[in-house]
Amino acid sequence: MHTELPDFRMPNDEQVHLAAEGFRLLADPTRIKILWALLQGESSVACLAELVGAAPTAVSQHLAKLRLAGLVKGRREGTFVHYSAADAHVRALLAEALFHADHADRDLPDHAGGDHVPHQHVEAAPSTRA
């Protein structure tokens, strides 16, 4: 049935594995908060810890896992590391997840015809600079 569709393609096993790993790492409220903060701008562990209400050691551990998954990158400046979201794909992924959650929470209808124009139901966190 699906194979009859002209543009139908299944992702390869490696793509599926990497996507599942990314979703697994995002299945944590603290990591979602960390990523959302990093999408507003570069930040340090101490600043992120304050923003997400977690101990710096816990935030550091979360960042290490997110970095290994390619969702976060670090920039060293002397003894400090400034973290940021890895790329625009991370922004799109997190924004879609939060938009979906907002729709489910407020029982909003799906977008007509499958058209999706990002909207601003999700409050943006203030920009943080470490």
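Along each chain, the written sequence defines residue order, and numbers are assigned to residues from 1. Local features in this predicted model are restricted to residues whose pLDDT is 70 or higher, and side-chain atom pairs enter the listing and the counts only when it is 80 or higher, whereas totals over whole chains, interfaces and linings include all residues. Where side-chain values are given, they derive from all heavy atoms of the structure, hydrogens and water being excluded.

Caption draft 1: Structural view of the overall build of the chain. Here a strand is any run of E in DSSP of at least two residues, a helix any run of H or I of at least four, and the numbering for each starts at the N terminus. Along its length, the chain carries 5 helices and 2 strands. A total accessible area of about 9000 Å² is found for the chain, and carbon and sulfur atoms account for 57% of it. Every accessible area reported is derived by Shrake-Rupley at a probe size of 1.4 Å, with residue values counting cover from the shown protein chains alone.

Caption draft 2: Structural context of the packing of helix α2 (residues 29-40) against helix α4 (residues 56-68). Contact pair α2 / α4: the axes reach a minimum separation of 10 Å and the direction vectors enclose 75°. Judged by the inter-axis angle, α2 sits roughly perpendicular to α4. Between α2 and α4, the residues in contact are T30, R31, I34, L35 and L38 and V59, H62, L63, K65 and L66, respectively. Of the residues belonging to the contact of α2 with α4, the class tally is 6 nonpolar, 2 polar and 2 charged. All axes are obtained by fitting lines to C-alpha atoms, using only the stretch in contact for helices, and the reported angles, taken between N-to-C directions, cover 0 to 180 degrees. To sort the angles, those under 35 degrees are grouped as roughly parallel, those over 145 as roughly antiparallel, those from 65 to 115 as roughly perpendicular, and the leftovers as oblique. The contact criterion used throughout is that any non-hydrogen atoms of two residues lie within 4.5 Å. Only Asp, Glu, Lys and Arg are considered charged, only Ala, Val, Leu, Ile, Met, Phe, Trp, Tyr, Cys and Pro nonpolar, and every remaining residue, Gly among them, polar.

Caption draft 3: Local environment of the pairing of strand β1 (residues 72-77). When DSSP finds at least two bridges between two strands, those strands are taken to pair. The pairing of β1 with strand β2 (residues 80-85) spans 6 bridges and is classified as antiparallel. Counted as the bridge partner of R75 is H82 from β2.

Caption draft 4: Here's a closer look at the nonpolar core. With 22 residues, the main nonpolar core has I34, V59 and L63 as its most contacted residues. Residue assignment for this core shows that the elements contributing at least two residues are α2, α3 (45-52), α4, β2 and α5 (88-106). With 6 residues, α2 is the single largest residue contributor to this core. Only buried Ala, Val, Leu, Ile, Met, Phe, Trp, Tyr and Cys residues count toward a nonpolar core, and they belong to the same one when joined by side-chain atoms within 4.5 Å. Relative accessibility thresholds used throughout: buried, under 20% of the residue-type maximum; exposed, over 50%; partly exposed, between the two (1.4 Å probe, protein chains only).

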